[in-house]
Amino acid sequence: MKHLLLAIPLFLSVSVTAAKAPVGIVIHGGAGTIDRVNMTEAQRRNYEATLTLAVNKGYQVLASGGSSLDAVTQAVIIMEDSPLFNAGKGAVYTWDETHELDAAIMTGQDRNAGAVASVTNVKNPILLARAVMEHSEHVMLTGSGAEQFAAARQLELVDNAYFNTQFRFEALKKAKQAEQRLPHQAAIIPDPNWKMGTVGAVAIDNNGNLAAATSTGGMTAKRWGRVGDVPVIGAGNFADNSSCAVSGTGHGEYFIRYNVAADICARVKYQGKTAAAAAEEVIAELLQIGGTGGVIVVDNEGELSWAFNTQGMYRAKQNHTGTVVEIFADQNEKTGN
Ligand code: ASP
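Residues numbered from 1 in each chain as written. Predicted model: local features only at pLDDT ≥ 70, side-chain atom pairs only at ≥ 80, totals over all residues. Heavy atoms only, no water.

(A) Representation of the overall build of the protein. When helices and strands are counted, the protein shows 10 helices and 12 strands. Taken across its 337 residues, the protein has 57% of its residues classed as buried. When contacts within the protein are restricted to residue pairs at least 6 apart in sequence, long-range pairs at least 24 apart make up 68% of them. Accessible surface, the protein as shown: approximately 14300 Å² in total, 54% of it carbon and sulfur. (Helix = DSSP H or I, 4+ residues; strand = E, 2+ residues; numbered from the N terminus. Buried < 20%, exposed > 50% of the residue type's maximum accessible area, 1.4 Å probe, protein only. Contact = heavy atoms within 4.5 Å. Areas by Shrake-Rupley, 256 points an atom, 1.4 Å probe, with all protein chains shown as cover.)

(B) Representation of the pairing of strand β12 (residues 322-328). The sheet contact formed by strand β11 (residues 312-319) and β12 spans six bridges and is antiparallel. By the bridge assignment, Asn319 is partnered in β12 with Gly322. Here β11 folds back onto β12 in antiparallel fashion, the turn holding two residues. (Pairing = 2+ DSSP bridges.)

(C) Seen up close, the sheet that holds strand β9 (residues 293-299). The antiparallel open sheet is built from four strands, whose spatial order is β7-β8-β9-β10. Pairing within the sheet leaves two strands with one partner each, and these edge strands are β7 (237-239) and β10 (304-308). The mean inter-strand angle of the sheet, taken between neighbouring strand axes irrespective of direction, is 10°. Across three bridges, β7 lies against strand β8 (residues 244-250) in antiparallel orientation. Bridging from a neighbouring strand, Ala239 pairs with Ala245 of β8. Of the strands in this sheet, β7, β8 and β9 touch helix α9 (residues 260-271), which is tilted by about 145° from β8. (Axes fitted to C-alpha atoms, helices over the stretch in contact; angles between N-to-C directions.)

(D) Region of interest: unusual backbone geometry. Positioned with a positive phi, Gln154 is a non-glycine residue whose angle comes to about 60°. Within the fold, Gln154 resides in the loop between α5 (143-152) and α6 (166-179). Residue classification places Gln154 among the exposed positions, given a relative accessible area of 72%. Despite not being glycine, Asn259 shows a phi value in the positive range, around 45°.

(E) The arrangement of the state of the cysteines in detail. All told, the structure shown has one disulfide when counted by the stated rule. In this model Cys244 forms its disulfide with Cys265; the gap between the sulfur atoms is 2.4 Å. Between Cys244 and Cys265 the sulfur-sulfur dihedral comes to about -120°; the bridge is accordingly left-handed. Here Cys265 lies in helix α9 and Cys244 lies in strand β8, a separation of 21 residues in the sequence. Residue Cys265 is classed as buried on the basis of its relative accessible area of 2%. (Disulfide = S-S within 2.5 Å.)

(F) Expanded view of the site of the ligand. Surrounding the ligand, one finds 12 residues, the nearest of these being Gly197, Thr198, Arg226, Asp229 and Gly250. Within the side chain of Arg226, one N or O atom sits 2.8 Å away from an oxygen atom of the ligand. Note that an oxygen atom of the ligand is positioned 2.8 Å from one of the side-chain N or O atoms of Thr249. Across the shell around the ligand, the residue classes break down as two nonpolar, eight polar and two charged. (Near = heavy atom within 4 Å. Polar contact = N/O pair within 3.5 Å; in protein donor to acceptor, adjacent residues only side chain to side chain. Nonpolar A, V, L, I, M, F, W, Y, C, P; charged D, E, K, R; others polar.)

(G) Representation of the sheet that holds strand β2 (residues 101-107) within the structure. The eight strands lie next to each other as β4-β3-β2-β6-β5-β1-β11-β12, forming an open sheet whose pairing is mixed. The open sheet terminates on both sides in strands that have one partner only, identified here as β4 (140-142) and β12. Each neighbouring strand pair of the sheet contributes to a mean axis angle of 5°, computed without reference to strand direction. With five bridges joining them, strand β1 (residues 24-32) and strand β5 (residues 199-204) adopt antiparallel strand pairing. Within the sheet, the bridge partner assigned to Ile25 lies in β5 and is Ala203. Contacting β1, β2, β5 and β6 (210-216), helix α3 (residues 68-80) crosses the sheet at an angle of about 160° to β5.

(H) Inspection of the packing of aromatic side chains at higher detail. Counted under the stated rule, the structure contains five aromatic pairs. On the basis of an interplanar angle of 80° and a centroid distance of 6.1 Å, the ring pair of Phe85 and Tyr314 is categorised as edge-to-face. Here Phe85 is found in the loop between α3 and β2, whereas its partner Tyr314 is found in strand β11, with 229 residues between them in sequence. The interplanar angle of 75° and the centroid separation of 5.0 Å between the aromatic rings of Tyr162 and Phe163 together place this pair among those described as edge-to-face. (Phe/Tyr/Trp six-rings, centres within 6.5 Å; stacked < 30°, edge-to-face > 60°.)

(I) Region of interest: the environment of Gly90. Examined against the element boundaries, Gly90 turns out to sit in the loop between α3 and β2. Taking the relative accessible area as the measure of exposure, Gly90 reaches 0% and is therefore buried. Each C-alpha atom, one on Gly90 and one on Gly217, is 7.8 Å from the other, the two residues being 127 residues apart in sequence. With residues up to four places along the chain from it excluded, the contact list for Gly90 reads Glu80, Ser82, Pro83, Phe85 and Arg168.

(J) Expanded view of the pattern of salt bridges. With the rule as written, the count across this model stands at 17 salt bridges. The partner of Glu97 in a salt bridge is Lys176, and the shortest N-O contact between them spans 3.5 Å. Of the two residues, Glu97 is situated in the loop between α3 and β2 and Lys176 in helix α6; the sequence distance between them amounts to 79 residues. Owing to a relative accessible area of 40%, Glu97 belongs among the partly exposed residues under this scheme. Linked by salt bridges that have partners in common, Asp263, Arg267, Lys273, Glu281 and Glu285 make up one network. (Salt bridge = Lys/Arg side-chain N within 4 Å of Asp/Glu carboxyl O.)

Function cannot be inferred from these measures alone, as they are strictly geometric.
Written out as C-alpha cells, the structure reads:
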C-alpha cells in the first residue's frame, strides 16, 4: 500500500510532462528547373556550401538556447548576402533593370508579423521586416515609406546597383526576349529557373516557439510595382505555434491566390494532418492549376519537412539527428526525415 501511494505522485508528474519537441531548422534557396545537366560540379558545391553555412548558423543559435526568431533571421541573412540566391545581393532584375525586394517574418507564439515590399536600398530586407514587426505598430510597409523606416532604424542601406549581377542580367534579357512575343501583356514565362529563387527558413526553439522568415527579389522582369507572395502573410510565409511554420518559393501569384503557407498550417490544425502530408497535398494541388514551387515546414513537434513540384529546390535541414543538404528532386526524401 505504502508503495502504491508513493507511486501515484510520480506517475502523475510523468504523465503531465509532455515530451519536449527537439529544436530544428529547415531552409530553402528557391525552387525551379534545377537539374544536374545545367549545373557544373563547382556550382553545385558552391550552393551546398552556402546552404550548409546558413543551416549550421541557424542551428547553432537554437542549440545554444536562442530563439527560433533569431535562428531564421541569421540563416536568411547568410543567403541574402550571397549572390547565388534571388534575395538580397542576388536579387533578380525588374523590367526597368532595377531591383525591388520583398521580405516577411513571423513568430508562432503570438502570430506577430512584419513584412516589406518593393524596397530598393536595404541590404538585408529580412532585418527591415523584423524591424517592422518589433518596432512599428504595422505589419507591412512598402516602397519609399519602408525605406524611410529603414533609415530611421539605422539599417544598412546600399545603392540599388549593389544588387547587380551578370547572371541575373542575362536572365532579364531572356525574359524580355520571351515577352516580346506578347507585348501587350505581363506574360507569365514558364521557365522558373531564371524567373525565381527566394530564400527562407523555418525553425522551432527549445521553448517550442516556431518562426518563419522569407526574402526575395521577386520574379525576373516584374513591373508596375508588382508585389509577390512573400510579404503577403499566409501566402509565402506563416508561423503559428498551434500547427506549423512555412516558408515558400515559387510562382508568387499562385501562392497568393491559394494562401499556400496558411493553408498548409490550417490542414494540420483543423484536419489533423501531419505537416509533411499537408505540404505534399497543397503543393500537388498547386501544380494542378499551373503553380510551380515548393515549401519548407516545421511543425510544433519538431518534424522538419519539405515539398516541391519542380525539378529541384535548394534546401537543407538540421536537428539532433544531423544535417541534410539537397538540391535535386531525385534526392528527395519526401518527408524530409
Ligand atoms: N515567390 C517569389 C515571388 O513570386 C519568387 C520566388 O520564390 O522565387 O515573388
